[in-house]
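Now for the letters of each chain:
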Amino acid sequence: MKKRVLSNIVSRGFGKFASHRFHPLLQRFINSSYVKLLKLDMDEFKDPNEYESLNALFTRALQKRRDIEDGVIAPTDSLITQVGMLQHNIALQIKGMQYSIDNLLRECDASRIYNGEYINCYLSPRDYHRYHMPYTLRIKRVVHIPGKLYPVNLRYLRKKFNLFIENERVILECESQEGKTIFIVLVGALNVGQMTLVFESRIETNRAKEIAIYEYKDLWLQKGELLGYFKMGSTVLLFFEKDFCKLVVQSNTTVKFGQQIAKVKYGE
């Protein structure tokens, strides 16, 4: 069986298990075991026993309001696996692993961000799985590109060329109030049963076979506003038009949603 088929089938199977509501006693055992196994910090969330399924635990909402800092903020709780400036159209999935953003951003005009900045945010299975707007932006279009579901952890990032290009992804083409282009790319991964967007219910990840494009006229989302969630850990990639911002985070550091990761050169 081909890897693509196997990884997608495994992910669908895990998604069904995670979304199933078991008998309350069994569900509490599953939830508490998951929390203990991954050593989840539940201080900002409800008690694990209150979630009716494992997916509900994965996609848990914050119960305490986070502070939102100035500039561009981290959209997720995550590990910054790579940051830097694009060399024309070349980015790094990790040190030593180059890829072309033209191939990543298919159906989009990637030239708008040539020589700009980028940040890769990896969410592990233990992280808060919701993603938020890193800046106040107008969503111009969303492109859903079906693909494989390889793991996106550090081990795979170091050994699998073009991992982000081969995996399923949802691309948001955005524009700031200053007229600058920003791309937000949600990358699927093994056991990610679904990637969601709060404003677009037509996207069905890990099911569609053809590229789908959705366009919007005046859809603005505010900085910090909920964008969607992964139903397991995965990766969010951010790309900024040249001279829009100055990065203030480094590779191999952890960030929290709401924390500043870049200063905007034009102000907010």
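Shown above is the structure to which this text applies.
To start, this report covers the structure provided alongside it. Since we're looking at a predicted model, the values are computed, not measured. (Residues numbered from 1 in each chain as written. Predicted model: local features only at pLDDT ≥ 70, side-chain atom pairs only at ≥ 80, totals over all residues. Heavy atoms only, no water.)

In the structure shown here, the tally under the stated rule is 13 salt bridges. Residue R141 pairs with E215 through a salt bridge whose shortest N-O separation is 3.5 Å. A residue pair is termed long-range when its members are at least 10 positions apart, and R141 in strand β7 (residues 137-145) and E215 in strand β10 (residues 212-221) qualify at 74 residues. Note that R202 is salt-bridged to E200, the shortest N-O span being 2.7 Å. Among the residues examined, R202 registers a relative accessible area of 52% and is labelled exposed. Residue class for E200 comes out buried when judged on its relative accessible area of 5%. Connected through shared salt-bridge partners, E44, R66, D77 and K256 make up one network. (Salt bridge = Lys/Arg side-chain N within 4 Å of Asp/Glu carboxyl O. Helix = DSSP H or I, 4+ residues; strand = E, 2+ residues; numbered from the N terminus. Buried < 20%, exposed > 50% of the residue type's maximum accessible area, 1.4 Å probe, protein only.)

Turning to its location among the elements, R169 is positioned in strand β8 (residues 169-176). Although buried, R169 forms no salt bridge, and the nearest oppositely charged side chain, E107, lies 8.9 Å from it. A distance of 3.2 Å separates a polar side-chain atom of R169 from the backbone oxygen of N103. Only 2.9 Å separates the side chain of R169 from the backbone oxygen of L104, close enough to count as a polar contact. Discounting residues that sit within four places of it in the chain, R169 has contacts with N103, L104, R106, V143, H144, I145, F164, V185, L186, V187 and M195. (Lys, Arg positive; Asp, Glu negative; His and termini not counted. Polar contact = N/O pair within 3.5 Å; in protein donor to acceptor, adjacent residues only side chain to side chain. Contact = heavy atoms within 4.5 Å.)

In terms of burial, strand β2 (residues 78-85) is largely enclosed, as seven of its eight residues are buried. Alignment of β2 against strand β5 (residues 117-122), held across six bridges, turns out to be antiparallel. The residue bridging Q82 from the neighbouring strand is N120, located in β5. (Pairing = 2+ DSSP bridges.)

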